[in-house]
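Understanding the architecture of this molecule
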Amino acid sequence: MQHSIGAHVSDHDHGHVDHEGLKVLGFWIFLVTDCLLFATLFATYAVLHSHTNGGFTGKDFDVPGFIIETFVLLISSFTSGLAVLQMHKGNKKGLIGWLVITLLLGATFVGMEIHEFASMAAEGATLSKSAFLTSFFTLVGTHGLHVTFGIFWMIGLIFQVSRKGITSVTTRKISIISLYWHFLDAVWIFIFTVVYLMGVM
Amino acid sequence: MNTSHFFVTGDPMIYGADVSIVLVTIAIIFYLSYFKKWGWLWREWITTVDHKRIGIMYLLASLLMLFRGGVDAILMRLQLAVPNSHFLASEHYNEIFTTHGTIMILFMAMPFMFALFNMVVPLQIGARDVAYPFLNAVSFWLFFIGAMLFNISFVIGGSASAGWLSYPPLSESQFSPGPGQNFWIWGIQISGIGSLATGINFIVTILKMRTPSMRLRDMPLFTWSVLSSSIAILGAFPILTVSLVMLTIDRLFGGHFFTMDGGGNPMMWVNLIWMWGHPEVYIVVLPAFGVFSEVVANFSKKRIFGYGSMVFSMIAISVVSYFTWVHHFFTMGAGADVNIVFAICTMIIAIPTGVKIFNWIFTMYRGRITVTQPLLWFYAFVPTFLVGGATGVMLAAAPADYQYHNSYFLIAHFHQVLIGGVVFGYLAGLYYWWPKLFGFKLNERLGKWAFWLWQIGFYVCFMPQYALGFMGMTRRIYTYNATMGWDMGWAPLNFISTVGAFLMGIGFIFQAWQIIYSIKHGERDVTGDAWDGRTLEWSIPSPPPVYNFAILPDVKGRDSWWYQKQEMKNGTYQEQPVKYEPIHMPKNSGIPFIMSGFWFVAGFGFTFEWMWMGVVGLIGVVLTLFARSFQYDTDYYISVEEIERTEKALAQKRYASVQRTAN
């Protein structure tokens with residue numbers, strides 16, 4: 001398969017470092033730091049979740065809304081996995097197709113989240129209403145920003161794959177964004193449990 | 001927000017700074033234009049991804065920041081020298097102690113440390129560069145732009161004045177309106193992202209880029225110290241990033257994380273910032289321990305004593321450092337059970353640190369010791385750090401801490417460990433590795449003057465402060481009246497302390513002079529092995545060629561270069577046939593610099609709460625990331641002919657100067 005760019009890496013590689021593998025490792029370590037970033041936000045939320053200042057509380061979340069959001073994101077994680085499978089088969093069209101579906105699902109998720117935030121704000125539940133809401137919007141919003149960034153990143157990679165094909169470099173890039181996407185899914189599971197389920201319970 | 005005071009006015013010192021900034025800028029522009037150096041600056045330095053050059057840039061920037069932070073220190077000491085002093089306005093004094101602390105830790109210690117990382121680690125492990133050279137350049141420029149953003153607050157907008165860790169509610173917009181506090185947030189935020197990236201970079205570099213024959217247990221101890229420090233960075237810096245974001249949300253969008261109203265909790269900030277802040281002091285001191293391990297072994301002509309326990313104690317320090325943060329605020333009143341846990345963890349850290357000191361001393365025992373500049377700083381370190389550690393254990397005793405808390409006793413303690421540990425350590429590293437990076441040694445006579453001025457100055461400055469703490473003088477005090485000054489004895493001790501600060505300042509001037517003098521007259525080193533070293537960095541020419549190692553070195557255990565030299569001397573060394581291969585290298589890139597420029601725009605915009613400007617800056621950052629993602633032509637090969645040419649030229653240079661000295 002991959003021959004255009006990555007070819008020179010494999011030819012004379014005695015004692016040289018596998019640069020693509022190195023980048024994937026670095027990204028894993030970056031995810032550790034991102035994990036800690038979210039952990040800090042979760043801890044803050046845990047401290048402040050009862051400081052509602054007489055306003056919006058966890059009981060007021062829109063239950064069907066966040067359940068649909070969750071399913072949309074979980075399915076997008078699955079489709080990003082399918083994209084990687086297509087990549088390993090060398091199927092460029094399949095790869096791009098599943099990536100497009102993934103990012104559409106991601107965009108749906110972000111759209112629903114924006115809608116949720118906007119309707120909360122319309123009810124007067126804004127970020128500056130209480131410490132609970134500040135920590136809620138920051139935690140969930142940081143996740144939403146991650147997803148948004150991932151969507152733009154994925155669009156960029158789709159262009160690159162369509163131009164360069166499946167090479168060792170694009171393989172590495174797709175592997176990394178798929179890691180990122182699954183990671184966001186895992187973080188969302190925690191948000192779903194800690195923020196929404198424990199909130200409405 | 002009121003931006004009518006865009007330029008800081010009113011203080012003659014600030015006008016002086018304005019004038020000197022303008023003059024220096026004009027001088028630099030004139031110099032670069034007249035000597036047609038712009039292209040050179042761009043090609044050789046701004047776009048470089050070479051770890052050695054990035055290290056040198058870190059070094060220059062950190063020395064500059066040491067000067068700036070030092071001037072702050074001297075201004076503070078002048079203000080406190082006599083009772084009822086109004087040398088500085090009270091608000092100006094608050095700004096100066098805030099910027100002094102912030103600059104010394106984040107813009108002096110951190111970049112000095114990264115300078116040593118970059119200058120030494122790849123050379124010690126037989127690598128041609130770090131794992132991610134492009135990211136390394138990004139890290140440097142983020143640090144640099146963060147530092148510049150923080151420093152312009154001196155003349156534009158005004159500086160932060162809520163202390164170096166900016167506790168809320170004082171740092172909230174209600175009590176600290178205006179751009180000063182935002183400068184603090186964004187300066188640290190931008191450079192902090194760079195620090196995090198450096199941490200990741202060096203972990204992967206050390207784990208994956210070692211020359212294939214080097215096992216983990218063959219690594220020099222400085223490299224181990226960098227690894228343990230980088231692991232601590234990985235754990236600590238995300239917390240800083242989040243804390244700063246939360247304070248921004250409070251200040252810019254009316255959030256309630258740390259406010260007094262709306263359910264906010266100011267003590268949460270204090271917890272979060274120290275969860276970063278305490279590991280941070282270990283982050284900066286661990287590499288200093290690494291430097292001493294190299295220096296002591298080298299100048300005792302012995303293997304380091306207790307290598308395994310050295311490694312273990314460094315890792316132990318970096319782990320336990322996460323369980324001590326509450327000792328910064330025992331007085332919060334978390335209760336005896338919480339305080340006792342953190343008190344004990346704090347005291348436990350003294351054990352691995354003590355182990356290291358014993359190991360260094362045992363390394364020297366029966367060694368063939370040569371007293372050189374690096375070793376001098378080690379000699380100074382031992383008693384200084386020991387006393388600093390002992391006063392630290394005093395502070396760690398929670399009930400007693402209620403007495404010393406936020407007094408000058410604390411100030412004396414942490415300066416003793418940070419100057420005695422970190423600064424002395426980094427200076428030892430600077431003197432030790434200077435000939436490797438520049439090819440000449442720093443003048444010994446001037447260095448000794450600097451050394452003694454620093455030492456005497458240090459003790460004259462900080463010993464009185466322990467006493468002042470016991471006498472009830474609290475930190476951040478602006479001035480004190482004559483009753484306290486003369487009847488209670490504060491004034492003489494404060495005056496002595498100020499004299500000490502000046503002595504250290506003169507010591508620094510000697511070091512600046514030493515560097516300038518040595519550029520012309522320093523003892524040239526042509527061997528590449530200026531100190532008869534033990535580790536790999538001394539096996540290649542000084543300064544090293546761009547690819548460091550023409551052939552990846554074959555390591556047969558610890559201190560491999562030393563044993564290879566022994567074999568060469570007694571003739572048992574078997575020369576391997578030289579067969580060069582093309583070397584894979586990263587291409588220079590202007591993107592890190594441009595990206596940092598956009599970060600500056602973003603940071604400046606958010607600082608003045610001009611949202612449009614902040615957003616434009618962030619969009620620029622994302623676009624540069626995209627531009628990089630679409631770049632596929634990012635590296636090149638150095639051909640075998642070019643390596644041969646370079647190596648031949650280096651060998652000739654060495655031969656020629658050996659001839660010259662022989663004649």
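Criteria and cut-off values
- Residues numbered from 1 in each chain as written.
- Chains lettered and ligands numbered in written order.
- Predicted model: local features only at pLDDT ≥ 70, side-chain atom pairs only at ≥ 80, totals over all residues.
- Heavy atoms only, no water.
- Helix = DSSP H or I, 4+ residues; strand = E, 2+ residues; numbered from the N terminus.
- Rg over C-alpha atoms; globule rule 2.2 N^0.38 Å.
- Buried < 20%, exposed > 50% of the residue type's maximum accessible area, 1.4 Å probe, protein only.
- Contact = heavy atoms within 4.5 Å.
- Areas by Shrake-Rupley, 256 points an atom, 1.4 Å probe, with all protein chains shown as cover.
- Lys, Arg positive; Asp, Glu negative; His and termini not counted.
- Charge placed at Lys NZ, Arg CZ, Asp CG, Glu CD.
- Buried area = accessible area lost by both parts, 1.4 Å probe.
- Core = buried A, V, L, I, M, F, W, Y, C linked by side-chain atoms within 4.5 Å.
- Polar contact = N/O pair within 3.5 Å; in protein donor to acceptor, adjacent residues only side chain to side chain.
- pLDDT = per-residue confidence, 0-100.
- Patch = residues over 30% accessible without salt bridge, like charges linked within 9 Å, V, L, I, M, F, W, Y side chains within 5 Å.
- Salt bridge = Lys/Arg side-chain N within 4 Å of Asp/Glu carboxyl O.
- Axes fitted to C-alpha atoms, helices over the stretch in contact; angles between N-to-C directions.
- Parallel < 35°, antiparallel > 145°, perpendicular 65-115°, else oblique.
- Left-handed = near helix turned anticlockwise from the far one by under 90°.
- Nonpolar A, V, L, I, M, F, W, Y, C, P; charged D, E, K, R; others polar.
- Phe/Tyr/Trp six-rings, centres within 6.5 Å; stacked < 30°, edge-to-face > 60°.
- Expected span 1.5 Å × (residues − 1).

Turning to the overall build of chain B, a few remarks are in order. Looking only at helices and strands, chain B has 20 helices and two strands in total. A compact globule built from 663 residues should have a C-alpha radius of gyration of about 26 Å, and chain B, at 25 Å, falls within 12% of that. Every one of the 663 residues in chain B was classed for burial, and the buried ones make up 60%. Of all intrachain contacts in chain B linking residues separated by at least 6 positions in sequence, the fraction that spans at least 24 positions is 83%. If you sum the accessible surface of chain B, you get close to 26,100 Å²; carbon and sulfur atoms cover 69% of it. One finds the centroid of the 40 positive side-chain charges in chain B at a distance of 10 Å from the centroid of its 35 negative side-chain charges.

Now for the overall build of chain A. If you tally the helices and strands in chain A, you get six helices and zero strands. Helices (α) and strands (β) of chain A occur, in sequence order from the N terminus, as α-α-α-α-α-α. The dimensions of chain A, computed from C-alpha atoms along their principal axes, are 70 × 35 × 25 Å. Counting all 201 residues of chain A, 51% fall into the buried class. Pairs at least 24 apart in sequence give 83% of the contacts found in chain A among residues at least 6 apart. Per element, the accessible surface of chain A, about 8,800 Å² overall, is 72% carbon and sulfur.

Each partner contributes to the interface: chain A provides 44 residues, whereas chain B provides 39 residues. Summed over both sides, the interface between chain A and chain B buries roughly 3,400 Å², with carbon and sulfur atoms accounting for 73% of that surface. For the side of chain A that touches chain B, the secondary structure elements donating two or more residues are α2 (19-48), α5 (131-164) and α6 (168-200) of chain A. The leading source of residues in the side of chain A that touches chain B is α2 of chain A, at 15 residues.

Counting residues in hydrophobic clusters, the biggest one holds 233 residues, and the most contacted among them are Phe61 and Phe136 of chain A together with Trp276 and Trp360 of chain B. Broken down by element, this core gets its largest block of residues, 20 residues, from helix α8 (residues 266-300) of chain B. Excluding residues that lie within four positions of it along the chain, phenylalanine 136 of chain A makes contacts with Tyr45, Phe61, Glu116, Phe117, Met120, Gly141, Val195 and Tyr196 of chain A. Residues Met76, Phe97, Tyr408 and Tyr478 of chain B belong to the second largest nonpolar core, which totals 16 residues.

Turning to unusual backbone geometry, a few remarks are in order. A negative phi angle characterises most non-glycine residues, just as the trans form characterises most peptide bonds. Residue and element names in this part refer to chain B. A cis amide bond links proline 168 with the next residue in sequence, proline 169, at an omega value of 0°. Omega for the bond connecting serine 542 with proline 543 falls within 30 degrees of zero, at -15°, which places this linkage in the cis form. Structurally, proline 543 is set in the loop between α16 (490-521) and α17 (560-569). Even without a glycine there, the phi angle at serine 166 is positive, about 45°. Along the chain, the position of serine 166 falls in the loop between α5 (133-152) and α6 (179-208).

The next thing to look at is the side chain of serine 85 of chain B. Residue and element names in this part refer to chain B. Position of serine 85 among the secondary structure elements: in the loop between α3 (51-80) and α4 (90-124). Looking at serine 85, its side chain comes within polar contact range of the main-chain nitrogen of phenylalanine 87, at 3.3 Å. The residues touching serine 85, leaving out its near neighbours within four places in the chain, are Leu78, Gln79, Tyr478 and Thr479.

In this section: the confidence of the model for chain A. Segments scoring low in pLDDT should not have their predicted coordinates read at a detailed level. Per-chain confidence: chain A averages 91 in pLDDT, with 92% of residues scoring 70 or above. Of the regions scoring below 50 in pLDDT, residues 1-15 of chain A engages in 13 contacts with residues more than four places distant in sequence or in other chains.

Residues and elements named next belong to chain A. On the surface, Val63, Ile67, Phe71, Leu74, Ile75, Ile189 and Phe190 cluster together into a nonpolar patch covering about 600 Å² of accessible area. Listed by contribution, the elements that provide at least two residues to the nonpolar patch are α3 (63-88) and α6. The biggest single contributor to the nonpolar patch is α3, with five residues. Positionally, phenylalanine 71 belongs in helix α3.

Attention shifts here to the pattern of salt bridges. Residue and element names in this part refer to chain B. Throughout the structure, instances matching the rule amount to ten salt bridges over all chains. Aspartate 50 is paired through a salt bridge with lysine 52; the nearest N and O atoms lie 3.2 Å apart. Accessibility classification places aspartate 50 together with lysine 52 in one group, the buried group. The salt bridge partner of lysine 565 is aspartate 529, with a shortest N-O separation of 2.6 Å. Residue lysine 565 is found in helix α17, and its partner aspartate 529 is found in the loop between α16 and α17; the two are separated by 36 residues along the sequence. Judged by relative accessible area, which is 11%, lysine 565 ranks as buried. A single network of salt bridges, built from pairs that share partners, joins Asp529, Asp532 and Lys565.

Time to look at the packing of helix α7 (residues 221-253) of chain B against α8 of chain B. All names here are of chain B. Following both chains from N to C, one finds α7 and α8 inclined at 160°, their axes separated by 8 Å at the closest point. It follows from the interaxial angle that α7 and α8 lie roughly antiparallel. Both α7 and α8 take part in a crossing whose hand is left-handed. Across the contact of α7 with α8, the residue classes tally to 21 nonpolar, six polar and two charged.

One pass over the full model with this rule turns up 92 aromatic pairs over all chains. An angle of 85° between the planes, with centres 4.9 Å apart, marks the rings of phenylalanine 117 of chain A and phenylalanine 137 of chain A as edge-to-face. Taken together, the positions of phenylalanine 117 of chain A in helix α4 (residues 92-122) and phenylalanine 137 of chain A in helix α5 put the pair 20 residues apart, joining distant regions of the chain. Among the residues examined, phenylalanine 117 of chain A registers a relative accessible area of 17% and is labelled buried. Judged by relative accessible area, which is 12%, phenylalanine 137 of chain A ranks as buried. Judged by centre distance (5.4 Å) and plane angle (45°), the rings of phenylalanine 112 of chain B and tyrosine 426 of chain B are tilted.

Right, let's get into the environment of phenylalanine 378 of chain B. Residues and elements named next belong to chain B. Among the structural elements, phenylalanine 378 can be located in helix α11 (residues 373-396). Separated by 269 residues in the primary sequence, phenylalanine 378 and glutamate 647 place their C-alpha atoms 36 Å from one another. In this view, phenylalanine 378 contacts Phe292, Val296, Trp360 and Met364; residues no more than four positions away in its chain are not counted.

Once that is clear, we can look at helix α19 (residues 611-629) of chain B. A rise of 1.5 Å per residue sets the reference length of α19 of chain B, with its 19 residues, at 27 Å; its end C-alpha atoms lie 27 Å apart and thus fit the reference within 8%. Buried residues of α19 of chain B: Met613, Gly614, Gly617, Gly620, Val621, Thr624 and Ser629 of chain B, and no others. Those residues of α19 of chain B hidden inside the fold are in contact with α5 and α6 of chain A together with α18 (591-607) of chain B.

What follows deals with the side chain of serine 313 of chain B. Position of serine 313 of chain B among the secondary structure elements: in helix α9 (residues 307-320). On the basis of relative accessible area, serine 313 of chain B is assigned to the buried category, the value being 2%.

In the predicted model, chain B carries a mean pLDDT of 94, and the fraction of residues at 70 or more is 98%. With pTM at 0.95, the complex prediction returns an ipTM value of 0.93.

Two elements in contact, α5 of chain A and α19 of chain B, have axes whose closest approach is 11 Å; the angle formed by their N-to-C orientations is 30°. By the angle between their axes, α5 of chain A is roughly parallel relative to α19 of chain B. Note on packing geometry: the crossing formed by α5 of chain A with α19 of chain B is right-handed. Residues Phe149, Phe152, Trp153, Gly156, Leu157 and Gln160 of chain A of α5 of chain A touch α19 of chain B, and the partners they reach there are Leu625, Phe626 and Ser629 of chain B. Among the residues making up the contact of α5 of chain A with α19 of chain B, the classes are represented as six nonpolar, three polar and no charged.

All names here are of chain B. Locating valine 615 in the fold gives a position in helix α19. Here valine 615 falls in the partly exposed class, since its relative accessible area comes to 41%. With 14 residues separating them in the primary sequence, valine 615 and valine 601 have C-alpha atoms 9.0 Å apart.

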